[in-house]
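Listed here are the chains, written in short residue letters.
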Amino acid sequence: MSTLTLLRRRFLLGVSSAALGLAAGTSRAASLPKEWDVIIVGGGTAGLPAAIFSARRGARVLVIEASKQIGGTLFLSTGQMSAAGTEMQKRQSIQDTPQMHFDDVMRISHKTADPTLVKLAVFNAAQTFDWLTANGLKPLPEHPVLGLAHEPYSARRYAWGKDGGMSILEVIEPMALAEEKTGRLTIQRGTRVRELLTKNGTVVGVRAEDDGGKMVEFTGRSVVLTSGGYASNPKMFYELSGHKQYGNASYPYSQGDGYTMALAVGAYTRGAQNYVCGSPRIMAEVDEPSPPDTRWQTYPERRAPWEIQVNANGKRYLAEDNLSVDEREHLLTKQPDMRTWLIFDQAIFDKAPKGIEDWDQAKIVEAFNRHPMFKKADTLAELAAKAGIDATNLQATVAAYNAGQKSGKDEFGRKHMPLPIAKGPFYSIRQQGFSITSAVGIAVNDKLQVIRKDGSVIPGLYAAGEILGSGQTMGSSAVGGMMVTPALTFGRLLGQQLVPLKS
Ligand SMILES: Cc1cc2nc3c(=O)[nH]c(=O)nc-3n(C[C@H](O)[C@H](O)[C@H](O)COP(=O)(O)OP(=O)(O)OC[C@H]3O[C@@H](n4cnc5c(N)ncnc54)[C@H](O)[C@@H]3O)c2cc1C
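Now for a description of the structure that goes with this document. Keep in mind the model is a prediction, meaning the values are calculated, not measured. (Residues numbered from 1 in each chain as written. Predicted model: local features only at pLDDT ≥ 70, side-chain atom pairs only at ≥ 80, totals over all residues. Heavy atoms only, no water.)

Topic: the sheet that holds strand S13 (residues 339–345)
To keep it simple, the criterion reads: For two strands to be treated as a pair, DSSP must find no fewer than two bridges joining them. Numbering goes from the N terminus for both helices and strands, where a helix is a DSSP run of H or I of at least four residues and a strand is a run of E of at least two. Every axis corresponds to a line fitted to the C-alpha atoms, with the helix fit spanning only the stretch in contact, and the corresponding angles, defined between N-to-C directions, vary from 0 to 180 degrees. Any pair of residues with heavy atoms lying within 4.5 Å of one another is described as a contacting pair.
The strand order S12-S13-S15-S14 describes an open sheet built from four strands, whose pairing is antiparallel. The sheet is open, and its two edges are formed by strand S12 (308–310) and strand S14 (374–377), each paired on a single side. Averaged over all neighbouring strand pairs, the angle between strand axes comes to 25 degrees, with direction disregarded. The pairing of S13 with strand S15 (residues 426–432) spans seven bridges and is classified as antiparallel. Within S15, the residue paired with Arg339 across the bridge is Gln432. Taken strand by strand, helix H14 (residues 391–407) contacts S12 and S13, and its axis lies near 150 degrees from that of S12.

Some points on the environment of Gly455
Rules: Buried, partly exposed and exposed residues are distinguished by accessible area as a fraction of the type maximum, computed with a 1.4 Å probe on protein chains only: under 20%, between the cut-offs, and over 50%, respectively.
Along the chain, Gly455 turns up in the loop between strand S17 (449–451) and strand S18 (457–463). With a relative accessible area of 43%, Gly455 lands in the partly exposed category. Along the chain, Gly455 and Asn445 lie ten residues apart, while their C-alpha atoms are 8.1 Å from each other.

Brief notes about H14
Keep this limit in mind: A helix's residues, less one, multiplied by 1.5 Å, set its expected span. Picture the helix axis, draw a direction to every C-beta atom, and the arc is the one those directions span.
The end-to-end C-alpha separation of H14 is 24 Å, in line with the 24 Å expected for 17 residues at 1.5 Å each. Of all the residues in H14, the buried ones are Leu394, Thr397, Val398, Tyr401, Asn402, Gly404 and Gln405. Taken end-on, H14 shows its buried residues confined to a sector of 160 degrees, consistent with a single buried face. What points out from H14, more than 90 degrees from its buried face, is the exposed set Thr392, Lys406 and Ser407.

This is the structure in structure tokens:
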């Protein structure tokens, strides 16, 4: 296991970077030069490529990073990327083009993604992916694939390394540190940018707070917001998307600072209508937002369903064996509180394949004694009361399902119905839909310049990464790799675009 992967594990266990002895450039903030060519707010997925490429072109680049370690969401991300026309595909004789990638994104997202940004992303994705592989990223041996947890692509263009996002960070962090060594790039860790400085409507710099609470100002010809999303800020999550943040599984520094700063200088957001939750998880706690604990396998192609799923009203809302993950996620998004309960009886529990892959059967049985999401009762009415579901409806729903199971004609068209839900004890497991990313984004044009609602550019201000919102690069559907790859790509493009090569 690599050092970075070990660090990630420790990071996830809550060991602070200070305890790990990671470099902290805190106290020197005030002593840094005040004027820069490019100021990059956030040294994560998008910020690091922006920094590497602009520094390589000779610019004086300052990255200001709130955390004491660079890498951002790459510490947690699965790091699944999609790119068409890559060297890896060519070696495997896979016929693919950026246009096919574009068409797939628009098809999967039902044309809700932003065509301008999708085009910019997919027509430049192969260069990004090839850059990573040329510098040591090793996709898994069977890659690229059509898809995994999301709607499949029409060509094999989806790939990632064995450590997910960390496999990407292991490639780009050394490049950033090498630039830091040359002195072209300065990374100021443990310093949180609080405000954009403007002069006559142009963004000319930032005001930042170091971890001693001292405010420092820097000016730059270009300011790039790569500070990530707002998925760890429940208040902003609700204000921007209109939905509660039920889950707590995003990067802790994804607080939406960049949104607040951009909006304060005239930017606007878009994409709220594209919010969609992910496939359901079993949460650890009743309080929200809760960390997810585990998941019941609800992908029918991996485990055909024996249970039914009902909402809080005790009603089914889908054919549990619907093969379209996109349809299942949209249906779940529409349920009260995006919650769904698995309902089954003892016979199903005894005969069905295990539902939780990373738990053994004894642990699943034990969960019904102690886990807040697992309930067991002798009657359906009692089960409904314990689980917080409408009891009358649940009984009617189970009766209707059993009738369909007997006749072979399910009201939702479900085909896989091995057993009725007939005899107690009965079981329920509460599952939650939520999103680990930010649907809403700051509006930019095709040059990644932040724009006002009237389309005019806010001079000096650029943005890339999750701050643009999943609603723009993926639309209202989860489209494989369409967050990480655009973040890396837009960061790279900005690094190249902001500092033209001298001829
Ligand atoms: C668990 C998980 C799995 C995922 N898996 C995938 C996947 O497989 N494929 C995919 O396409 N997408 C995936 N995503 C989404 C994707 O990883 C992110 O959208 C992307 O990495 C975000 O990149 P970013 O550069 O915008 O933000 P980040 O990488 O989070 O970087 C932002 C940086 O800015 C810093 N920062 C924040 N505020 C400030 C401030 N005020 N001042 C200074 N610095 C600041 C942060 O500390 C951070 O380092 C996943 C997300 C999660 C949470």
